[in-house]
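What follows is each chain in one-letter form.
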Amino acid sequence: MSEVVWICGVDEAGRGPLVGAVVAGAVVLDPLNPILGLKDSKRLTPTRREALYAEILLKAKAWGVGEASPLEIDQINILQATMLAMQRAVDDLCIRLGCWPDKALIDGNRCPNLPIPAEAIIKGDSKEPAISAASIVAKVTRDRQMKALHARYPDHGFLQHMGYPTPLHLAALRQWGACPEHRRSFSPVRAVLDQATV
């Protein structure tokens with residue numbers, strides 16, 4: 001009888017925004033408990049994402065979430081912070097799985113440093129169901145964080161732009177300044193902070 005091979009999908013949400021953590025998800029799907037309709041989280045409505053998120057947490061063999069804070073992003077840069085969040089997501093998944101998965105499939109063109117074989121797949125979130133599931137876990141987790149930030153700083157309009165550098169967000173930054181969760185190393189935030197010290 002052949003041994004079961006656990007494949008872990010890994011993806012992130014929040015590389016481009018000016019505020020908040022970068023969040024990664026990691027998921028090992030259960031072939032005996034399939035989830036229909038998995039796709040790149042950006043191609044799903046918020047309602048459908050939430051429904052699939054709940055189904056993933058219920059049906060997946062294991063899942064994990066990791067993040068890197070705005071301070072860590074500022075200290076080590078967004079690329080390295082993304083790799084760190086992915087490592088933490090896989091570590092979190094391992095606790096639930098009870099062992100390391102056999103292989104990790106990473107969305108994008110590079111892999112974090114993991115103690116298991118890893119393969120980077122460009123547009124993997126639309127090619128590999130486990131990566132699609134990871135993208136949904138990461139996106140829903142980060143969106144919920146942005147909703148919490150909106151409740152604390154309603155003037156910044158985080159619910160409208162989810163932290164991305166839209167004209168609305170940039171206007172709010174200029175009017176209200178940066179909040180503690182803004183990424184100081186990102187140029188639009190830095191420009192506002194520099195202006196405030198002039």
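Conventions used here
Residues numbered from 1 in each chain as written. Predicted model: local features only at pLDDT ≥ 70, side-chain atom pairs only at ≥ 80, totals over all residues. Heavy atoms only, no water. Helix = DSSP H or I, 4+ residues; strand = E, 2+ residues; numbered from the N terminus. Rg over C-alpha atoms; globule rule 2.2 N^0.38 Å. Buried < 20%, exposed > 50% of the residue type's maximum accessible area, 1.4 Å probe, protein only. Pairing = 2+ DSSP bridges. Axes fitted to C-alpha atoms, helices over the stretch in contact; angles between N-to-C directions. Contact = heavy atoms within 4.5 Å. Phe/Tyr/Trp six-rings, centres within 6.5 Å; stacked < 30°, edge-to-face > 60°. Lys NZ or Arg CZ within 6 Å of the ring centre and 35° of its normal. 1 Å grid on protein atoms, 1.4 Å probe; cavity = no way out; pocket = protein on both sides within 12 Å on 5 of 7 lines; lining within 4 Å. Points joined across faces, edges and corners; volume = space filled by probe spheres on them. Nonpolar A, V, L, I, M, F, W, Y, C, P; charged D, E, K, R; others polar. Expected span 1.5 Å × (residues − 1). Arc of directions from axis to C-beta. Left-handed = near helix turned anticlockwise from the far one by under 90°.

Peer 1: In this structure, what is going on with the overall build of the protein chain? I would like to understand it.
Peer 2: Counting its secondary structure elements, the protein chain contains seven helices and five strands. Counting from the amino terminus, helix and strand elements in the protein chain follow one another as β-β-α-β-α-α-β-β-α-α-α-α. Expected size for 198 residues packed as a compact globule is a radius of gyration near 16 Å; at 18 Å, the protein chain falls within 12% of this value. Taken over the C-alpha atoms alone, the protein chain extends approximately 70 × 35 × 25 Å along its principal axes. Counting all 198 residues of the protein chain, 48% fall into the buried class.

Peer 1: How do you make sense of the sheet that holds strand S2 (residues 22-28) when you look at a structure like this?
Peer 2: Note: strands within a sheet are paired through backbone hydrogen bonds, in either parallel or antiparallel orientation. Pairing within the open sheet is mixed, and its five strands lie in the order S3-S2-S1-S4-S5. Whereas interior strands pair on both sides, the edge strands pair on one side only; in this sheet they are strand S3 (62-68) and strand S5 (118-121). Neighbour to neighbour, the strand axes of the sheet diverge by 20 degrees on average, direction disregarded. Contacts from helix H3 (residues 78-97) reach strand S1 (7-13), S2, S3 and strand S4 (103-107) within the one sheet, and its direction differs from that of S3 by about 150 degrees.

Peer 1: How do you make sense of the packing of aromatic side chains when you look at a structure like this?
Peer 2: Two measures describe an aromatic ring pair: the distance that separates the ring centres and the angle between the ring planes. Applying the stated criterion across every chain yields a total of zero aromatic pairs. Seen from the ring of Trp63, Arg96 lies directly overhead, with NZ or CZ sitting 3.8 Å from the centre.

Peer 1: Looking at this structure, I do not really get the layout of surface pockets. What am I missing?
Peer 2: Over the atoms, a rolling probe the size of a water molecule traces out where space has been left empty. As a volume, the largest pocket reaches approximately 360 Å³. Considering the residues around the largest pocket, the lining is formed by 20 residues, among which Glu12, Ala13, Lys42, Asp125 and Tyr164 are closest to the centre. Taken together, the elements giving at least two residues each to the lining of the largest pocket come down to S1 and helix H4 (129-152). The biggest single contributor to the lining of the largest pocket is H4, with four residues. Here the lining of the largest pocket is built from residues that sort into four nonpolar, five polar and 11 charged.

Peer 1: Please explain unusual backbone geometry as it appears in this structure.
Peer 2: Among all residues save glycine, negative phi is the norm, and among peptide bonds the norm is trans. The phi torsion at Asn77 lies on the positive side, around 85 degrees, for a residue other than glycine. Residue placement: Asn77 occurs in the loop between helix H2 (70-76) and H3.

Peer 1: It is not clear to me how helix H1 (residues 46-59) should be interpreted in this structure. Could you clarify?
Peer 2: Note on helix geometry: an α-helix contains 3.6 residues per turn, so any two residues three or four positions apart are oriented the same way. Here H1 contains 14 residues, and its C-alpha end-to-end distance of 20 Å stays within 8% of the 20 Å for a straight helix at 1.5 Å per residue. When we look at burial in H1, the residues that qualify are Arg49, Leu52, Tyr53 and Ile56. Buried residues of H1, seen end-on, are gathered within an arc of 110 degrees and therefore sit on one face of the element. Looking at H1, the residues exposed on the side facing more than 90 degrees away from the buried face are Thr47 and Leu58. For H1, the secondary structure elements touched by its buried residues are S2 and H4.

Peer 1: Whenever I open this one, the environment of Met83 confuses me. Can you help?
Peer 2: One can find Met83 in helix H3. Taking the C-alpha atoms as reference, Met83 lies 9.8 Å from Val22; in sequence the two are 61 residues apart. Every residue in contact with Met83, bar those within four places of it in the chain, is listed here: Arg110, Cys111 and Pro112.

Peer 1: Any chance you could explain the side chain of Lys139 here in plain terms?
Peer 2: Assignment of secondary structure puts Lys139 in helix H4. The contact partners of Lys139, leaving out residues within four places of it in the chain, are Ala13, Ser41 and Arg49.

Peer 1: Mind showing me how you'd approach the packing of H1 against H4 here?
Peer 2: Helix-helix packing is described using two parameters, namely the angle between the two axes and the distance between the axes. In contact at an axis separation of 9 Å, H1 and H4 are set at 120 degrees when each is read in the N-to-C sense. Between H1 and H4 lies a crossing whose hand is left-handed. Residue-level inspection shows Arg49, Glu50, Leu52, Tyr53, Ile56 and Leu57 of H1 in contact with H4, the latter providing Ala133, Ile136, Val137, Lys139, Val140, Thr141, Asp143, Arg144 and Lys147. Considering only residue class, the contact of H1 with H4 consists of eight nonpolar, one polar and six charged.

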